[in-house]
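Given next are the chains, with one letter for each unit.
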Amino acid sequence: MVLSGALLLAFRSDFGFFLDDWYLVLLRDGPADWMLPHNQHIIILPAAIYELSLSVFGMHPLPLHLVALTLFLISVVLLFHWMRPLVGEPVSVLGCAIVLFLGAGAGDLIFAFQIGFFGSVVGGLGALLLLRRNTTRDDRLACLLLIVSVLSSTLMAPFVLAAAVQILYRDNLRPDFSRLLRNSWIILVPLLIYLVWWAGWNQDGSQEVSLLNAVRIPAYALAALGFAGASMTGAF
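First things first, this report covers the structure right here in the doc. (Residues numbered from 1 in each chain as written. Predicted model: local features only at pLDDT ≥ 70, side-chain atom pairs only at ≥ 80, totals over all residues. Heavy atoms only, no water.)

Secondary structure assignment for the protein chain yields 12 helices and zero strands. Its helices and strands taken in sequence order, the protein chain reads α-α-α-α-α-α-α-α-α-α-α-α from the N to the C terminus. Oriented by its inertia axes, the alpha-carbon framework of the protein chain measures out at about 55 × 45 × 40 Å. Sorting the 236 residues of the protein chain into buried and exposed places 43% on the buried side. Accessible surface, the protein chain as shown: approximately 13,200 Å² in total, 72% of it carbon and sulfur. (Helix = DSSP H or I, 4+ residues; strand = E, 2+ residues; numbered from the N terminus. Buried < 20%, exposed > 50% of the residue type's maximum accessible area, 1.4 Å probe, protein only. Areas by Shrake-Rupley, 256 points an atom, 1.4 Å probe, with all protein chains shown as cover.)

Laid out in structure tokens, this is it:
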């Protein structure tokens, strides 16, 4: 992890604003603009972080890179702790090493704009780990982290679904729908926040939700899995 962090910091040190960064640098001004979608993604927290950084540090991207890098490394630590009880420590280390040195996909690790995706992963994995503790306090914190995930990007979706599954099967190999109903607020609060945003700020005529796209999801998922594997191993 130290080696990956050092390499990424060295790469990022001379890497300025790039592509999607400019949408937040030039076209967003004030809290009202934080609500606007970017390629249909909710990016409220990234937009706020960009504006704060620009207000304090000016046109210097390094503070944003430091935030993005920190979130990425935290996400890898959380991934390790999430995997270890399921597959053991050696496999967890191997899996995290692949993520730390992402092969042909490493370009995303030096792109400050991915702060949104990193934020969703940190919030999502943190919530899943807290849900394992099965206490009221940790459930509340898990709900809060799912909100952070939602406000960062729509990458929150698999984590909200995973949280529902984890609650459903908590401490039992059989599903407990009554428990899911009792604890549904953990996932309903973040979902409600997203739906309010979607209804109020994402209705710009560019929606891609359609029956045709729904039918294509299995083929798309398989293609995405293959591409992800190729990118992570450097085969792409």
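On we go.
Further remarks concern the environment of Thr-136. Position of Thr-136 relative to the elements: it lies in helix α8 (residues 136-152). With relative accessibility at 49%, the residue Thr-136 sits in the partly exposed group. For the pair formed by Thr-136 and Asn-183, sequence separation is 47 residues and the distance between their alpha carbons is 9.6 Å.

When their charged atoms lie close together, side chains carrying opposite charge are able to pair. Under the defined criterion, the tally for this structure stands at five salt bridges. Across the salt bridge formed by Arg-84 and Glu-89, the nearest N and O atoms sit 3.8 Å from each other. When its relative accessible area of 36% is taken as the criterion, Arg-84 is described as partly exposed. For Arg-170, the salt bridge goes to Asp-139, with nearest N and O atoms at 3.0 Å. Within this pair, whereas Arg-170 is found in the loop between α9 (157-168) and α10 (177-182), its partner Asp-139 is found in helix α8, the two being separated by 31 residues in sequence. Across the pair, Asp-139 and Arg-170 agree in class, each one buried. Members of the salt-bridge network, linked through shared partners, are Arg-133, Arg-137 and Asp-138. (Salt bridge = Lys/Arg side-chain N within 4 Å of Asp/Glu carboxyl O.)

According to the stated counting rule, one finds two aromatic pairs in the structure shown. Centre to centre, the rings of Phe-72 and Phe-118 are 5.4 Å apart; their planes meet at 45 degrees, and the pair counts as tilted. Pair noted here: Phe-72 is in helix α5 (residues 62-87) and Phe-118 is in helix α7 (residues 115-131), with a separation of 46 residues, a long-range link. (Phe/Tyr/Trp six-rings, centres within 6.5 Å; stacked < 30°, edge-to-face > 60°.)

All right, on to the nonpolar core then. If you look at the biggest cluster of nonpolar residues, it comprises 59 residues, and the most contacted ones within it are Ile-42, Tyr-50, Phe-72 and Leu-146. Of all the elements in the fold, those that place two or more residues in this core are α2 (21-26), α4 (44-57), α5, α6 (89-100), α7, α8, α9 and α11 (185-201). (Core = buried A, V, L, I, M, F, W, Y, C linked by side-chain atoms within 4.5 Å.)

Before going further, it helps to examine the side chain of Ser-153. Tracing the backbone through its elements, the reader meets Ser-153 in the loop between α8 and α9. Within the local environment of Ser-153, its side chain forms a polar contact with the backbone nitrogen of Leu-155, the two atoms lying 3.1 Å apart. Beyond its immediate stretch of four places on either side in the chain, Ser-153 contacts His-41, Ile-42, Gly-116, Phe-117 and Ser-120. (Polar contact = N/O pair within 3.5 Å; in protein donor to acceptor, adjacent residues only side chain to side chain. Contact = heavy atoms within 4.5 Å.)

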